[in-house]
Amino acid sequence: MAKDKTSDDNTGKESKEKKDTNNPEKKSFFKDERVRFTIGLFTLLLSLYITIAFISYLFTWKVDQSFEWQNLFSGSDVKVKNWTGKLGASISMQFMHKWFGVSSLAFPLIFAVFGLKLLKLYSGKFWKLTFKVLVGVVLFSLVTGFLFGTAHGFLGSGLGGAHGLFIAEWISAILGKVGTAFLLLLLVIAYSIYIKPSSLFWYNRIAWDIAQYIKNSSKKTKKTDEPIDDLLDDDESQSSATTPEIVENENSVKVTDTVPEDRIDIKNLVQEEAIDEEEEYDEDLVFEEKEFEVETKNITTPTNESNITQTLVKTEEEGVEFTIETIQEKELNEELINEQELYDPTLELSNYQRPLLELLEDYKNTSSPVTNETLIENKNKIVETLSHYKIQIDKIKATIGPTVTLYEIVPAPGIRISKIKNLEDDIALSLAALGIRIIAPIPGRGTIGIEVPNQNPEIVSMHSIIKSQKFQESKYDLTIALGKTISNEIFMLDLTKLPHLLVAGATGQGKSVGLNAIITSLLYKKHPAEIKFVLVDPKKVELTLYSKLEKHFLAKLPDTEDAIITDTQKVINTLNSLCIEMDQRYELLKLAQVRNIKEYNEKFVARRLNPNKGHKFLPYIVVIIDEFADLIMTAGREVEMPIARLAQLARAIGIHLIIATQRPSTNIITGVIKANFPARIAFRVSSMIDSRTILDHPGANHLIGRGDMLVSAGSEMIRVQCAFIDIPEIERITDFVSNQQGYSSAFQLPEYVPESQDISLEVDLKKRDELFEDAARLVVQSQMGSTSLIQRKFSIGYNRAGRIVDQLEAAGIVGPFEGSKARQVLIVDEISLEQLLKSINNQ
């Protein structure tokens, strides 16, 4: 009993101290929006006032310097010429003359940023920016004081102010002018790297260029300036000094010259020099015209894309022709590629603007979800309930979240965790709360967690998530922002790392809002050229709002009217079409010799892949299925098999699946689906069995609904309050995007024809397309019967290219449709093709 009394006293002291430190009356003044707005506006006006004073001082400094601050409140007979009066002249003289000179112009910037921070118009880190600016002010003052000194008396003490002038002279007395210059250069470089780390790359590049220049200069001095004729006798030199005749053709450069009969071994001379050059340098084997008096030319052969320097020499006596080839090293090729202009996939829609933050509603919470009195009361009730069952607690603390409060307890030594776990209903009864959830133990903390719903839950707005610095600075490839955790931290995931997502929960618990939050976060992060959506909505009412994004973000089958897929048969065709797209992308990755879409796109952007060989920039494709249970009931295995295939293989090529269902039963979420969807989100469900079906753990049955969810993206489950976005907000976003310039049509997926469908097309070869013969020659030359090949080569639409392929099939040039494979070409050579075309023309 003495121990219980001591723990109660400690608990009372802790609560009293916390109550004193968290007194809302002490902080209410600074949290008042009116006070923040007033102070922020005042700070902005002050920064403008000081800026005008400093600018005026640049022109009126001779008069303003004679003014002393003690005369600030003197009569009107004491005058200054500064535009901001005596106060402005006094402040300007202090900063510009006595302190930091012209670099003092940065101080109004600090005041302006502080004002914007109070007005909530600046979301960056104020103190970090202030530190950078202050360091820059001191350094710039020092540099200008060293470089310009008093500058003919400008501002009285020069551009650097009295501070810059005094410190520069003091350092110069110690290190001298040269040492001071080196020190300041080092400080400027270090400061620029601290401000912008990417500048380190440019410094390394400059140093590398200087080193290469010095290296090349030393090589040129080592080389002999004597021509090759000096190695011969005088009479032989004169006989070989004839003017060479240059003969050029398409692929080579030949130099013919008359060489004496006893000097036909010029080939050996050149080869010996080549060996010496190769031993001396690790770079390319290059021969200068000075040394050998032969012509060189850079040519590019069609079989090799790298530049090859060829030098050909021919002697008349022997008729011997030899070639010296220099193939550039791989590293130098990459360097030249980097110097080229990178391909910009967003160029076609270069004026596209991402949705504005103002399109989202900011649901401000005026009061705290949990008061201090409620916290203390709940703590005492938990301690009292556990003490009834002789469970002692060493420590307890609370973390307030938007919808639940987490109470972490540390039981006394010797207490079994299972005893606390079995008291879940008893604790819920004592607290009179719905949805008590016990986490025993909390992974990585060594405590037991009791989650208690708040009486006044907060609304986590999508506006607050998008506005957050964490989201704005996210470097994820596909950032999906879901909401806030119990500790009020922004919870985000990278869809490319998941790589697929299963969303389940009972009706009306927030699944559709969760899908809208995922789509919205991707719209705010990605350009239309970088991502495409395939939206499947069997209910026909949930995702139709996004139909306005058809020409920007949506993908669909050819000859399909609606981009939002609602018909079951079209869903089957679309999923199989995505399988074809997956196979085609894997073929491109194979040809590019890369492992995933990120490496492929980086290589394509660097212009290291040839578009004429079928390469193109690959956008991410996100497939969202709103009601998966309806598809399984109507189509069954026809839907499950392509989804399973995409889930197993499509990660590397940028196709990611998000499926949602309100029926988390084992006949819907089968073993095949669960095995390929390791990342799962569970909203509130009615039973523990459903929770185990979704998460393989209980807990989802204790959620409180309204967007409360459990996210399992790894070894642990995280409780998150889903961000809320309403229908009017989605409409504003889709209207904003659709009113901008878009592509001519939605992203076209490959055509898919079911195997069971009987295709009996009557093709009249008398009404052949104008490009029929050219397409036939292209197909025979490439031995590839592909609709996309014809479409790309002749810049025509998919439908016309498809009709040409049908005509080629009717003419016996290509074989029948074989699913995802290209059609077999039945004509082996062009001679047989020309004979076939003549016979068709004669019909």
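Residues numbered from 1 in each chain as written. Predicted model: local features only at pLDDT ≥ 70, side-chain atom pairs only at ≥ 80, totals over all residues. Heavy atoms only, no water.

Overview of the overall build of the protein
At step 1: Secondary structure summary: the protein contains 29 helices and 20 strands in total.
At step 2: Taking all 843 residues of the protein together, the buried fraction comes to 44%.
At step 3: For the protein, the computed accessible surface area is about 46,100 Å², with 54% contributed by carbon and sulfur atoms. (Helix = DSSP H or I, 4+ residues; strand = E, 2+ residues; numbered from the N terminus. Buried < 20%, exposed > 50% of the residue type's maximum accessible area, 1.4 Å probe, protein only. Areas by Shrake-Rupley, 256 points an atom, 1.4 Å probe, with all protein chains shown as cover.)

Details of the pairing of strand E11 (residues 490-494)
At step 1: Within E11, 5 of the 5 residues are buried, which leaves the element mostly enclosed by the surrounding structure.
At step 2: What you see with E11 is no split at all: Ile 490, Met 492 and Asp 494 on one side and Phe 491 and Leu 493 on the other are buried throughout.
At step 3: The sheet contact formed by strand E10 (residues 479-485) and E11 spans 5 bridges and is antiparallel. Following the sheet pairing, Ile 480 is matched in E11 by Leu 493.
At step 4: As consecutive antiparallel partners, E10 and E11 are separated by 4 residues, and within that stretch Asn 488 has a phi angle of approximately 65 degrees, a positive value. (Pairing = 2+ DSSP bridges.)

Things to note about a nonpolar patch on the surface
At step 1: Together, Leu 48, Ile 52, Ile 55, Phe 59, Trp 83 and Leu 105 give the surface a local cluster of nonpolar side chains, amounting to about 620 Å² of exposed area.
At step 2: Examined against the element boundaries, Leu 105 turns out to sit in the loop between helix H4 (85-99) and helix H5 (107-118).
At step 3: Judged by relative accessible area, Leu 105 falls into the partly exposed class, the value being 36%. (Patch = residues over 30% accessible without salt bridge, like charges linked within 9 Å, V, L, I, M, F, W, Y side chains within 5 Å. Salt bridge = Lys/Arg side-chain N within 4 Å of Asp/Glu carboxyl O.)

Focus on the confidence of the model for the protein
At step 1: Scored by pLDDT, the protein comes out at a mean of 78, with 77% of its residues at no less than 70.
At step 2: Low pLDDT (under 50) marks residues 1-27, which in the prediction has 9 contacts with non-local residues, meaning those over four places away or in another chain.
At step 3: Here residues 756-760 is a poorly scored stretch, pLDDT under 50, and it has 1 contact once near neighbours within four places are set aside; other chains count. (pLDDT = per-residue confidence, 0-100. Contact = heavy atoms within 4.5 Å.)

Looking at the sheet that holds strand E16 (residues 655-661)
At step 1: Pairing within the open sheet is mixed, and its 9 strands lie in the order E11-E10-E19-E18-E17-E12-E16-E15-E13. The two strands at the open ends of the sheet, each matched to only one other strand, are E11 and strand E13 (531-536). Strand-to-strand twist of the sheet, defined as the mean angle between neighbouring strand axes without regard to direction, takes the value 30 degrees.
At step 2: With 5 bridges connecting them, strand E18 (residues 708-712) and strand E19 (residues 717-722) associate as antiparallel partners. (Axes fitted to C-alpha atoms, helices over the stretch in contact; angles between N-to-C directions.)

A few points about the pattern of salt bridges
At step 1: Per the stated rule, a full pass over the model turns up 23 salt bridges.
At step 2: Note that Asp 735 and Lys 548 form a salt bridge whose closest N and O atoms lie 2.6 Å from each other. Linking Asp 735 in helix H25 (residues 727-738) with Lys 548 in the loop between E13 and strand E14 (555-556), this pair joins segments that are 187 residues apart in sequence.
At step 3: Lys 548 sits in the partly exposed class, given a relative accessible area of 39%.
At step 4: A salt bridge links Arg 680 to Asp 696, with the nearest nitrogen and oxygen atoms 3.1 Å apart. On the criterion of sequence distance, the pair formed by Arg 680 in strand E17 (residues 679-682) and Asp 696 in the loop between helix H24 (688-695) and E18 is long-range, its members being 16 residues apart.
At step 5: One connected set of salt bridges, linked through shared partners, spans Arg 437, Glu 451, Asp 708 and Arg 719.

Things to note about the packing of aromatic side chains
At step 1: Scanning the model with the defined rule gives 13 aromatic pairs in all.
At step 2: Look at Phe 114 and Phe 126: their rings are 5.3 Å apart centre to centre, the planes differ by 50 degrees, and that puts the pair in the tilted class. Taken together, the residues span a long stretch of sequence, with Phe 114 in helix H5 and Phe 126 in helix H6 (residues 126-148) at a distance of 12 residues.
At step 3: Phe 114 gets classed as partly exposed once you look at its relative accessible area, which sits at 31%.
At step 4: Positioned above the aromatic ring of Phe 471 is the side chain of Lys 525, whose terminal nitrogen or guanidinium carbon lies 5.4 Å from the ring centre. (Phe/Tyr/Trp six-rings, centres within 6.5 Å; stacked < 30°, edge-to-face > 60°. Lys NZ or Arg CZ within 6 Å of the ring centre and 35° of its normal.)

A word on the side chain of Gln 509
At step 1: As for its placement among the helices and strands, Gln 509 is situated in the loop between strand E12 (501-504) and helix H18 (511-525).
At step 2: For Gln 509, a relative accessible area of 14% puts it in the buried group.
At step 3: When near neighbours in sequence (up to four residues on either side) are disregarded, Gln 509 contacts Phe 683, Arg 684, Gly 705, Arg 706 and Gly 707.

Some thoughts on unusual backbone geometry
For residues that are not glycine, phi is negative in most cases, and the peptide bond is trans in most cases.
At step 1: Cis geometry is found at the peptide bond from Ala 440 to Pro 441, where omega equals -10 degrees.
At step 2: For Lys 540, which is not a glycine, the phi torsion comes out positive at approximately 70 degrees.
At step 3: Secondary-structure assignment places Lys 540 in the loop between E13 and E14.

What about helix H28 (residues 798-810)?
At step 1: Between the first and last C-alpha of H28 there are 18 Å, a value that for 13 residues agrees with the 18 Å anticipated at 1.5 Å per step.
At step 2: Listed as buried for H28 are Tyr 798, Ala 801, Gly 802, Ile 804, Val 805, Gln 807 and Leu 808.
At step 3: Structurally, H28 contributes buried residues whose contacts are with helix H26 (772-782) and helix H27 (787-794).
At step 4: Looking one or two places after H28, you find Gly 812, whose phi comes out positive at around 85 degrees. (Expected span 1.5 Å × (residues − 1).)

Details of helix H20 (residues 597-605)
At step 1: All of the buried residues in H20 are Ile 597, Tyr 600, Asn 601, Lys 603, Phe 604 and Val 605.
At step 2: For H20, the elements touching its buried residues are helix H19 (568-592) and strand E15 (620-625).
At step 3: Remark: Arg 607 follows H20 within two positions and exhibits a positive phi of approximately 60 degrees.

Examining the environment of Tyr 600
At step 1: Inspection of the secondary structure assignment puts Tyr 600 in helix H20.
At step 2: Accessibility expressed as a relative area gives 0% for Tyr 600, which makes it buried.
At step 3: Considered as a pair, Tyr 600 and Phe 617 are 17 residues apart in the sequence and their alpha carbons are 8.3 Å apart.
At step 4: Setting aside its immediate chain neighbours within four residues, Tyr 600 contacts Leu 588, Leu 589, Ala 592, Val 594, Leu 609, His 615, Lys 616 and Leu 618.

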